[in-house]
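# Summary of structural features
Residues per chain are reported as follows:
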Amino acid sequence: MTEIKNSILAGIFFGVVMGLFFSILFGSDYGLISGIFSGILFGVGIYLFVNSKTVKSQTQIENIEGLTIIHSGGANHFINVEAVGGKLYLLTDKVLFKSHNFNAQNHSQTILLEQIKEIGFYNTLGLIPNGLSITTSDDKIEKYVVNNRRLWKEKIENRKTKQIITNR
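Residues numbered from 1 in each chain as written. Predicted model: local features only at pLDDT ≥ 70, side-chain atom pairs only at ≥ 80, totals over all residues. Heavy atoms only, no water.

## Concerning the sheet that holds strand 4 (residues 108-112)
Two strands in a sheet stick together by hydrogen bonds in their backbones, pointing the same way (parallel) or opposite ways (antiparallel). Strand order in the open sheet formed by seven strands is 4-3-2-1-7-6-5, with antiparallel pairing between adjacent strands. The outermost strands of the open sheet, each flanked by one partner alone, are strand 4 and strand 5 (116-124). Recorded for the sheet is a direction-independent mean angle of 30° between the axes of neighbouring strands. In this sheet, strand 7 (residues 141-146) lies alongside strand 6 (residues 128-136) in antiparallel orientation, the contact comprising five bridges. Its bridge partner lying in strand 7, Thr 135 is registered against Ile 141. (Pairing = 2+ DSSP bridges. Helix = DSSP H or I, 4+ residues; strand = E, 2+ residues; numbered from the N terminus. Axes fitted to C-alpha atoms, helices over the stretch in contact; angles between N-to-C directions.)

## What about the environment of Thr 135?
Tracing the sequence through the fold places Thr 135 in strand 6. Accessibility expressed as a relative area gives 12% for Thr 135, which makes it buried. Placed 19 residues apart in sequence, Thr 135 and Glu 154 show a C-alpha to C-alpha distance of 15 Å. Once residues lying within four places of it in the same chain are set aside, the contact partners of Thr 135 are Gln 115, Ile 116, Lys 117, Glu 118, Lys 140 and Ile 141. (Buried < 20%, exposed > 50% of the residue type's maximum accessible area, 1.4 Å probe, protein only. Contact = heavy atoms within 4.5 Å.)

## Here's the deal with helix 2 (residues 28-50)
Across its 23 residues, helix 2 extends 32 Å between first and last C-alpha, which sits within 8% of the 33 Å expected from 1.5 Å per residue. Taken residue by residue, helix 2 has Gly 31, Ser 34, Gly 35, Ser 38, Gly 39 and Gly 43 as its buried positions. Against helix 1 (2-26) lie the buried residues of helix 2. (Expected span 1.5 Å × (residues − 1).)

Right, here's the structure in full:
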């Protein structure tokens, strides 16, 4: 359901921007029609991409250690200026990000729960409230774009607390 909502929002945003662009270049009638058409195409394209078997297989983790996956979902990890698309996983003792291969900077990243100093929020582009930031014990800040960032924060903090209690 989240994929549908995000695809619709992306399509609307893209359609409005393209509609304004085409209106400036070719007039308001053409801009309105092309904006609607491009927004629908973009939204459908994003939905098909996110739900493709290729992306799902590329972001699947090999859970060799047999750890329980507590929570997972599509995410972007910011590296420099690129929002690298992939999937974020919360496992029993770590947060793991795995990118799909349609990025310039493909990678996997693991942050052990014991290395997490702080979990916070930020707004993507200064406007969109979907950013999750993780500050590690060495003061490095990792930024992710996720759906339901409050739930991610809650689950990571709960898992971190359980790990502390278990290690005592």
